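Residue-level structural notes
What follows is each chain in one-letter form.
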Amino acid sequence: MYQRRGNPWGGNEERGVFKSIDGGQKWTRSLYINDLTGAVDLSMDLSNPRVLYAAMWDHQRTPWQVRSGGGSNSSAIYKTTDAGESWEKIGNGLPDEMGKIGVDVSQASPERVYAIVEAEGDLGGLYRSDDSGETFKLLNKDHILKARAWYYQHIFADPSDENLVYILNAPIMKSIDGGKTFAKLSATHGDNHDLWINPGDSNIMINANDGGASVSLDGGKSWSSQNNQPTMQIYRLSVDNGFPYRVYGSQQDNSTMSLPSRSKSGGIGIGNWMSVGGGESAHIGFDPNNPELVYATNIAGGITEWTRSTKQVRSIVPYPERTFAVPPSGLKYRANWNAPLFVSAHNSEAIYYGTQMVLKSTDRGVSWQEISPDLTRNNKEHQGAGGVPFTNEQVSGENYANLFYLVESPLQQGVVWAGSDDGLVHITQDDGGSWNNITPRGMDEWQVNAIEASPHDVGTAYVAVTGYKMNNFEPHIYRTDNFGRSWKKIVKGLPGDTFVRVVREDPDQEGLLYAGTESGLYISSDNGDNWQEFQLNLPKTPITDLKLRHGDLIAATQGRGFWILDDISPIHHAENVSASSNYLFNIRDIYRKLNGRTLGGGNGKNPQDGAIINYHLSIDTPEDAVVKIEIFDAGNKLVREYSSDSNELCSIDPYSTAKPSSPSNGPGFNQFSWNLKSEPLACNAGLLVSPRSGAFAVVPGQYSAKLIVGDYQQSVSFNVNANPELPNIAGNYGEYGQITSALFTATNEMIENVKKIGALIKQVNVIIEVSKSDLARDKGAELIKTLNVWHDKIINTDLQTSQDIIRYENKMALNFSFLLGDLSGADIPLSVGSKKVAQVYLADWENVKSEFNDIMAKDVPSFNSEMRAAGLPELFIP
């Protein structure tokens, strides 16, 4: 097993080829050139696995430049014939000076070795050796094979055809004549980086690109979808105040996107997304209360305005000169690849944009005003060619000495903090009238990745600084509480080798901080003085941005898309809980939102429905402890009751796998969801919706939840609010509540009466069997017939499975139950038809209930009278 290693941001001893002979448990270095030359490609001759070819790359990246070759002139191809014990530099026929190299040996003809070479001018291109690397010949120097070499330039020989070879670049290029000529091959993304070809069937391939991975079964004629992989790399994050609120971000090598925090279908899928202008690296800004106009940045100084109602995108670049292939020193406005932008929280017409200075527009980007001087170090030596020595790289990724973050205080208009990618922090307290350099003392020329302006104190801010582009991977967070006059570094508890990308302060609790780092999420409850890991179920991936909105914590990741931690209120009350305590946390208000169906159910998971009830149980809680949760309305009437020992399954379907919803009794933190529905109907086998049926959605209003654990009881109140997506017709909920309550009460009466009927029939049969009396038999048969006639108006005993409802008449109880479900799922306003059906049902029930009362008042006493006169046992009336 062999491994290529090396960090591109500086010299290090991990560069080179490493080898393991125990499945990766231990590694030893097999080939090392110097601390700036690493192995970029390895190819093994599978007919003789002791033979390998290694492409070594002299490479270093700085924030302002990509160097590919030209350092120690050590880019070269090396070959080993003894499994890496020794290596020989080969390359007769290759250029004397090279940059990045891709190499692959043909498994169909191992003496053939292909190399794609970056070099000066026409010296770069595809080379081929037909003598196992002794000599190479240049076959093709087309630019399309070697453009942007440092980013692409990998080569793959088909394992069964020595003349078939692929070069991965912005397109995939394919040759069938040994590399003399090439044609484009379709792919699922423009930027292609890796290819696996099945050694047993060359038609089967896997392509890895900037959009994910795709599979071809026909040699690249068609590819599988990449829309099934949660691999988005998100740069920045924004959130609006809609319902459901939407999350906005920019995806690496794709587009901007906006998606809801929940959908009406089974999941949040691509059908719920929309692009909002800008580009892959955007900061996105808008009025969160009315995101009709959305502003987003792009690479190379792009800015757009996107109109939600028309889906129109309009360019609003302040000075739209061409920036590709132009050194930053020659530009009027230098903009970073990830140029900052925000819309003022105090004036939604004010847009702020960061270049080397701060620009402001109040007319939707028609005109821009410079409201700051150059707020960077403005080192002209770092504003030249973005790529050297062979291939220029000028697409703004290497633009340097730019502003990298801008933020306005949410508490005071005109207080704006600015951070640059070359390590400076500035502030204005008069909307750009004057600026002060407030860079923390001792902070090096590192990138100011994010600034958090405190939502609690206008003079407090937190700065996350990344030094990795200067080969410094340590965490750097600074805090000020006096507008930057002094700073304190706050990194205690953070790993020493994990840099921090973002810090956010909880808007509901001062000093409660969250930090997104290169390896995950951290939390501090003491204003950053101490940190601890807060990963939960987040994947171990870089956290690029965080927002706290609507009681949730939203995270953007580099490689796993968006994640939301729903309802962080338990964190605010963590100090009230000890390991030995029981505790019911506050329950946040919830919207009465009924699920519907839309296109686009997908990989994104919806939050739990209903009211989320968080509680903590003592570490001493016994295994057989019974935990009860009771829900009450504003009149203290019991609405719903749950118990951890509930195991009742009310269904006649023997194949049903439904389980009752019950709270956990496990020690520690627990979570339970009330679905905003009433207690189900009393259990009866004639109602087939498993596990029970007839529960209806409650009306908006105030409710309370009570936690009961042994002698411990605690209650908290919360509100169920009307769905804000509906028109303002809250008065109709009273009508809904009256009708559903009447139907529910009536159905429960039916079920209880059916149970009484069943009990009476059993008693009659016992009297007949025990007495052996002809009178009992005859009179009992008459009574049973009368009881069954009434019973069959309520329940149909032919219903043995849920499919039987389309075969047999459902009868009254099930009809009532289904109507309750229909009304509960339809929300308001109730249709006229629904109300009429409810009126008919209830009127029918009054007639049938009267018949039952007559049976209980006349038929049953008459039977008892005759039994009494004959000296026989009487019926006990339940």
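Residues numbered from 1 in each chain as written. Predicted model: local features only at pLDDT ≥ 70, side-chain atom pairs only at ≥ 80, totals over all residues. Heavy atoms only, no water.

Let's talk about the nonpolar core
Note that soluble globular proteins tend to have their nonpolar side chains buried in a common cluster. Grouped together as the largest cluster of nonpolar side chains are 44 residues, with contacts concentrated most on L743, M750, W790, I794, W845 and L875. At the level of secondary structure, the elements contributing two or more residues to this core comprise helix 3 (732-771), helix 4 (774-794), helix 5 (811-826) and helix 6 (832-869). With 14 residues, the top contributor of residues to this core is helix 3. Within the second largest apolar cluster, 34 residues are counted, among which are W417, I438, A453 and I571. (Core = buried A, V, L, I, M, F, W, Y, C linked by side-chain atoms within 4.5 Å. Buried < 20%, exposed > 50% of the residue type's maximum accessible area, 1.4 Å probe, protein only. Helix = DSSP H or I, 4+ residues; strand = E, 2+ residues; numbered from the N terminus.)

What to know about the environment of D122
By the secondary structure assignment, D122 is in the loop between strand 10 (113-117) and strand 11 (125-129). Using a relative accessible area of 48% as the deciding quantity, one classes D122 as partly exposed. Ignoring sequence-local partners within four residues, the contact set of D122 consists of L138, K141 and K146. (Contact = heavy atoms within 4.5 Å.)

What about the packing of helix 3 against helix 5?
Orientation of helix 3 relative to helix 5, taken along the N-to-C sense of each, is 155°, at an axis distance of 10 Å. With respect to their mutual orientation, helix 3 and helix 5 come out roughly antiparallel. Seen from above, helix 3 lies across helix 5 with left-handed handedness. Packed against helix 3, whose contacting residues are Y736, I739, T740, L743, F744, A746, T747 and M750, the element helix 5 presents M812, A813, F816, L819, L820, L823 and S824 at the interface. Of the residues that constitute the contact of helix 3 with helix 5, the class distribution is 12 nonpolar, three polar and no charged. (Axes fitted to C-alpha atoms, helices over the stretch in contact; angles between N-to-C directions. Parallel < 35°, antiparallel > 145°, perpendicular 65-115°, else oblique. Left-handed = near helix turned anticlockwise from the far one by under 90°. Nonpolar A, V, L, I, M, F, W, Y, C, P; charged D, E, K, R; others polar.)

Observations concerning the pattern of salt bridges
Enumeration according to the criterion identifies 31 salt bridges in this entry. Residues R29 and E13 are paired through a salt bridge, measuring 3.9 Å at the closest nitrogen-oxygen approach. A residue pair is termed long-range when its members are at least 10 positions apart, and R29 in strand 3 (residues 28-31) and E13 in the loop between strand 1 (2-5) and strand 2 (16-19) qualify at 16 residues. A relative accessible area of 38% places R29 in the partly exposed class. Between D545 and R504 there is a salt bridge whose closest N-O contact spans 2.8 Å. (Salt bridge = Lys/Arg side-chain N within 4 Å of Asp/Glu carboxyl O.)

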